[in-house]
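Here are the chains, one letter per residue:
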Amino acid sequence: MSNEALKQEIRAALDNSTLARTLGTFCKNYPAKREKAYEGVDFEATRDKIKEVKNYAADHVDEMIEQFKTNCEARGGHVFVAKSTEEAMEYIRNLVKEKEVKSIVKSKSMASEELHFNKVLTEDGVLVQETDLGEFIIALEGNTPVHMVMPALHLNKEEVADLFTEYTKEKNEPIISEEVKTARRVMRERFTHADMGVSGANVAVAETGTVFTMTNEGNGRMVGTLPKMHLYIFGIEKFVKSISDARWIFKALPRNGTAQRITSYISMYTGACDVVTDKENDTKEKKDFYAVILDDPGRRQILGEPDFRQIFDCIRCGACLDVCPAFSLVGGHVYGSKVYTGGIGTLLSHFLVSAERSSEIQNICLQCGRCKEVCGGGLQIPEMIMKLREKDAQDHPNAIKKFALDAVTDRKLFHSMMRIAAVAQAPFTKGMPMIRHLPMFLSGLTEGRSFPNIAQVPFRDLFPTIRQNVENPKGKIAIFTGCLLDFVYTDLARDVVLDLNSIGYLVDMPMDQACCGCPASNMGDTENAAKEAVINIEAMHAEDYDYVVSACPSCTHQLRQYPSFFEEGSEMRKRAEVLASKAFDFCKLFYDLGGCKDEGDGKDVKVTYHDSCHLCRSMKVTQEQRELLKHTKGIELVEMEEHDNCCGFGGSYSVLYPEISAPILENKIKHIKEVDPDVVVMDCPGCMLQIKGGLDARGIDDIKVKHTAEILAEKRGLK
Amino acid sequence: MNLFTDELYERFKKNLESVNGTCVRASKATLGKAIADVFTEAGIPDVCVAETPLLKEAGVADALKDAGIQTYTDHIRLHAETAKGGVSENQYGIADLGTMVQGRDDIDERTVATMSEYYVGVVKGSTILAEYDDMFDVLAGLPQMPGFIGFITGPSRTADIECVSTVGVHGPIRLTAVVVDDE
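Analysis parameters
Residues numbered from 1 in each chain as written. Chains lettered and ligands numbered in written order. Predicted model: local features only at pLDDT ≥ 70, side-chain atom pairs only at ≥ 80, totals over all residues. Helix = DSSP H or I, 4+ residues; strand = E, 2+ residues; numbered from the N terminus. Buried ≥ 20, exposed ≤ 12 C-beta atoms within 10 Å, placed from the backbone. Contact = placed C-beta atoms within 7 Å. Rg over C-alpha atoms; globule rule 2.2 N^0.38 Å. Pairing = 2+ DSSP bridges. Nonpolar A, V, L, I, M, F, W, Y, C, P; charged D, E, K, R; others polar. pLDDT = per-residue confidence, 0-100. Axes fitted to C-alpha atoms, helices over the stretch in contact; angles between N-to-C directions. Parallel < 35°, antiparallel > 145°, perpendicular 65-115°, else oblique. Left-handed = near helix turned anticlockwise from the far one by under 90°. Core = buried A, V, L, I, M, F, W, Y, C linked by C-beta atoms within 7 Å. Domains from an automatic or database assignment. Expected span 1.5 Å × (residues − 1). Arc of directions from axis to C-beta. Bend = angle between axes of the 7 residues up to and from the residue.

(A) Here's a closer look at the overall build of chain A. On a plain count of helices and strands, chain A comes out with 36 helices and 22 strands. Burial status across chain A gives 54% buried among its 719 residues. Residue pairs in contact within chain A that sit at least 24 positions apart in sequence constitute 76% of those at least 6 positions apart.

(B) Focus on the overall build of chain B. The secondary structure content of chain B amounts to 7 helices and 12 strands. For 183 residues, the compact-globule formula gives about 16 Å, and the C-alpha radius of gyration of chain B, at 16 Å, lands near that figure. Principal-axis analysis of the C-alpha atoms places the extent of chain B at approximately 50 × 40 × 30 Å.

(C) Here's a closer look at the sheet that holds strand β6 (residues 99–102) of chain B. Reading across the sheet, the 8 strands line up as β8(A)-β5(A)-β6(A)-β9(A)-β9(B)-β6(B)-β5(B)-β8(B) and stay open at both edges, with mixed pairing between neighbours. Either end of the sheet is taken by a strand with one partner, and the two such strands are β8 (239–240) of chain A together with β8 (128–129) of chain B. One ladder, built from 3 bridges, connects β6(B) with strand β9 (residues 148–152) of chain B; its direction is antiparallel. Note on β9(B): the bridge partner recorded for Val101(B) is Phe151(B).

(D) Focus on the interface of chain B and chain A. Contact residues are listed per partner, giving 41 residues for chain B and 52 residues for chain A. Those elements that place two or more of their residues in the side of chain B that touches chain A are α5 (76–79), α6 (107–115), α7 (132–141), β9 and β10 (157–158) of chain B. Residues that form the side of chain B that touches chain A fall into these classes: 18 nonpolar, 14 polar and 9 charged. Bridge count between strand β9 (residues 265–270) of chain A and β9(B): 5 bridges; the pairing is antiparallel. Counted as the bridge partner of Tyr265(A) is Ile152(B) from β9(B).

(E) Inspection of the confidence of the model for chain B at higher detail. When the pLDDT values of chain B are averaged, the result is 96; 98% of them are 70 or greater. This complex was scored by the predictor with a pTM of 0.84 and an ipTM of 0.97.

(F) Up close: the packing of helix α9 (residues 157–168) of chain A against helix α10 (residues 176–193) of chain A. Residue and element names in this part refer to chain A. Contact geometry for α9 and α10: axes closest at 10 Å, N-to-C directions at 30 degrees. Relative to α10, α9 is oriented roughly parallel. Two packed elements cross with a definite hand, and for α9 against α10 that hand is left-handed. Here Lys157, Val160, Ala161, Phe164 and Thr168 of α9 lie close against α10, whose contacting residues are Ile176, Glu179, Thr182 and Val186. Its residues assigned to classes, the contact of α9 with α10 shows 5 nonpolar, 2 polar and 2 charged.

(G) Geometry of the environment of Gln561(A). One can find Gln561(A) in helix α28 (residues 553–561). Along the sequence, Gln561(A) and Glu577(A) sit 16 residues apart, while their C-alpha atoms lie 9.1 Å from each other.

(H) Fine view of the packing of helix α8 (residues 133–141) of chain A against α9(A). Residues and elements named next belong to chain A. Contact geometry of α8 with α9 gives a least axis separation of 10 Å together with a crossing angle of 70 degrees. Considered as vectors, α8 and α9 are oriented roughly perpendicular to each other. Every residue of α9 that contacts α8 at Ile137, Leu140 and Glu141 is listed here: Val160, Leu163 and Tyr167. For the contact of α8 with α9, the residue count by class is 5 nonpolar, no polar and 1 charged.

(I) Main features of the environment of Glu527(A). Residues and elements named next belong to chain A. Along the chain, glutamate 527 turns up in helix α27 (residues 526–540). By C-beta crowding, glutamate 527 is classed as partly exposed, having 16 other C-beta atoms within 10 Å. It is 9.9 Å that separates the C-alpha atoms of glutamate 527 and glycine 517, two residues lying 10 residues apart in sequence.

(J) Spatial organisation of the nonpolar core. If you look at the biggest cluster of nonpolar residues, it comprises 272 residues, and the most contacted ones within it are Cys320(A), Val496(A), Val548(A), Val549(A) and Ile35(B). Here this core gets 7 residues from one element, more than from any other, and that element is helix α12 (residues 243–258) of chain A. When we break this core down by domain, the ones giving at least three residues each are domain 1 (132–194) and domain 2 (459–715) of chain A. With near-sequence residues (within four places) excluded, Val496(A) lies in contact with Ile479(A), Val549(A), Ala551(A), Phe586(A) and Ala709(A).

(K) Geometry of the sheet that holds strand β20 (residues 635–637) of chain A. Residue and element names in this part refer to chain A. If you trace the 4 strands from one edge of the open sheet to the other, you get β20-β19-β21-β22, paired in parallel fashion. Lying at the two open borders of the sheet, with one neighbouring strand each, are β20 and β22 (704–707). Within this sheet the neighbouring strands show an average axis-to-axis angle of 35 degrees, counted without direction. Two strands pair when backbone bridges link them, and strand β21 (residues 679–682) and β22 are joined in this way by 4 bridges, in the parallel orientation. When the bridges of β22 are listed, valine 680 appears paired with valine 705.

(L) Expanded view of helix α1 (residues 6–17) of chain B. Residues and elements named next belong to chain B. For α1, spanning 12 residues, the distance from its first C-alpha to its last is 16 Å, which sits close to the expected 16 Å at 1.5 Å a residue. Those residues of α1 that fall on the buried side of the exposure criterion are Phe12, Asn15 and Leu16. Axial view of α1: buried residues confined to an arc of 100 degrees, hence all on one face. For α1, the exposed residues lying more than 90 degrees away from the buried face are Asp6, Glu7 and Lys14.

(M) Broad picture of the environment of Phe459(A). Looking at the secondary structure, you find Phe459(A) in helix α23 (residues 459–462). Ignoring anything within four residues of it in the chain, the contact list for Phe459(A) reads Thr481(A), Leu485(A), Asp486(A), Thr490(A) and Ala493(A).

(N) Looking closely at unusual backbone geometry. Positive phi outside glycine occurs at Ala259(A), with the angle close to 55 degrees. Tracing the backbone through its elements, the reader meets Ala259(A) in the loop between α12 and β9. Judged by local crowding, Ala259(A) falls into the buried class, with 20 C-beta atoms found within 10 Å. Even without being glycine, Asn20(B) reaches a positive phi, approximately 70 degrees. Position of Asn20(B) among the secondary structure elements: in the loop between α1 and β1 (22–26). Of the residues examined, Asn20(B) has 19 C-beta atoms within 10 Å and is grouped as partly exposed.

(O) Quick peek at the domain arrangement of chain A. Looking at the assigned domains, one finds that chain A contains domain 1 (132–194) and domain 2 (459–715). With centres defined by C-alpha atoms, the gap from domain 1 of chain A to domain 2 of chain A works out at 50 Å.

(P) Spotlight on the pairing of strand β7 (residues 118–124) of chain B. All names here are of chain B. Counting buried residues along β7, 7 of its 7 residues qualify, which places the element largely inside the surrounding structure. The alternating pattern of β7 places Tyr118, Val120, Val122 and Lys124 on one face and Tyr119, Gly121 and Val123 on the opposite face, and all of these are buried. Across 6 bridges, the pairing between strand β4 (residues 85–90) and β7 is parallel. Its bridge partner being in β7, glycine 86 is matched across the sheet by tyrosine 119. Of the strand pairs in this sheet, β7 and strand β12 (residues 174–180) are connected by 7 bridges, and their pairing is parallel. Each bridged residue has a counterpart across the sheet, and for valine 123 the counterpart in β12 is valine 179.

(Q) Up close: helix α2 (residues 17–37) of chain A. All names here are of chain A. Over its 21 residues, α2 extends 29 Å from the first C-alpha to the last, a length consistent with the 30 Å expected when each residue adds 1.5 Å. At tyrosine 30, α2 shows its strongest bend, of approximately 40 degrees, with the proline proline 31 following within four residues. Residues of α2 that are buried include every one of Leu19, Thr22, Leu23, Phe26, Tyr30 and Arg34, and no others.

Given below as structure tokens:
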């Protein structure tokens, strides 16, 4: 699939107003509802247990399969372990033929989607009915799920009424409670007449041969209670060892999935249970119970790759979708896979559905890290998506991206380009500090946002002119400016120096430093990222300093990643570790070095604070900057709604996907305006670029954008 | 046997009510009438009862018949297709969630709890456990898992259309738990 085709799908999703409204409202309300559902339950401890029990099962997967088979069969079930999805479907087709199954009712089974179950059996002349309301609706529409847990979010009640009218040949009113009744009525007959029920498992317990299904609508129970045959389809990632282990998953699954403390039903089937085989004579017999376990190469590949093995810890709760800024705008269809969507869907699709599709959609990830916070299995989703990017960049090198990154890595070339740009931009800045329109292919940069112009004199040339009056310095700090401080926000870089001087530290700027390598890492270009790491490790010479300060959390994060680029024990690794251990973000370092003082000019200024993703989620710095602000005389700090939501910048993301980035920014601007501050403060130059640009493009000039270092220097009269 | 306190009952009731269920308390002597009252008030004309020694002893089927309700105690699967009400006994309760737990493989009990529009579940006070974890401890300690275990928490529900929470899809539309004080 081409990038252009993906962009068209993104536009289509953004144009669907029902999706925007429903998904937007859901995602907005989700965090608070989820938190409420977790009252009295320790989420972190729960997910640690989930990781523990799922890890155990993954490490002993062959034993799990064997035990489950033995125990389920001992209780009258039949178990088939399929070595491929084709083999699984062939087995099921034969079973359906042999048992003369004419009609099937299904409760949700994502694994069955991997087999193209419905399509294959429908072509064989079998009536296959999806019974989950959302699945039923999208089946009528001929569409695929837009969300793992709520598949028909993109349709409104009017559209559902039309689909029902067409299906039942009777007029259906667009009233949700009536539509639910119609579904009940239509489906009831299907349940009572079906020859076979099909279920997916949330969990399979090896020690007892038990499968678990959790539902709200009751269709799962119908499927398991009424037909004489019952087929479970699930993958080898669903195993846990014991019934006791299963508890942890059902503690997190409803709370994370739908913000419920528990769903209406949790059903556990152990082997063949009773069923009525002849209702007229009230004959009761054991049902025909089958379990098809997917042990296909895709799943084995996940287990075999150390970087991705943790995918087996996923409990399919969908929380990663519900907090994703990109997903909340575009929904699941953009993710393309007919089965799995969102962050985890990107990963699952790569291994289980289509690596090609996954290679495009992984770009939709902003790397903001919110999914990681709520993930029920504690998966490092952004890091794994980054690994996919790396794989993809190696397998399909992109000449233009590669050139750009090569140029950034070549320090001299990049620096001369920036100097040339400082002059060449003149026609576009029109003498203003922001560029509102850029020509041709660069226009995406200025969609809904102005771009700051490039400083006439880079910070590296200004630095020697700064007079640092520090008597008896307490220590020496090296400043890592990164590209934005060096070439755009030179005043901010100067304020960082002045702030640190004010608490007794001298600052030095090692001149051979280059781009931190974050853009290269973000695009999966590990080669250039490692090159840049070497340049900076040598240039910064951290061994000579007490600390290394950066005023850009993305740079700080990247500096701290350096050790992972080099082999353990190597000289470069050791040096990278020294640099990583001394690298701090400005506000954290300034606070820790005693910078939090009750100082300031006392002039009233209303401030709101935007948390940047790398600072609050990767480095967990959320309080230090607030303490610094609160203790500054004159500053009144008022929190905005969703203050830790991404601003949509995401490095090169806003250039690659302005369609998604722009509405995320729109939301951020809305929340800032609600507070109506004099200044919105943040700690990331990337966020500054994005938010300043957004305010400027909307003609809002009474709200200033400042870095913590800037407002501190200003209020303390250091400038 | 657990110590069943008023506090535990209130906790069970409150949590069940928070998910659109209702809850009443009865003694063995008043059980039949309590159930009949629930159905009479809701205007349910016909009910399937999956009988157990407790329900028989308490005369539930007779109480329903006395209240003028068409009552079935056999051929449950057949009658459940049309009867609007269903009654069965559950083996456990979980106070912290308002959950009733079917802890055994009895197809009639499963059928009435699944197919009826109005389901009344009976649970003995002494079998109500405080927490979800207590329930899993009990299940994990069983010598053998029954063929079926079902947690039931309130009526069936969906939010599949426009994310609007709506009660009553494929399973019961209304649900009442009758907690029986042990003697």
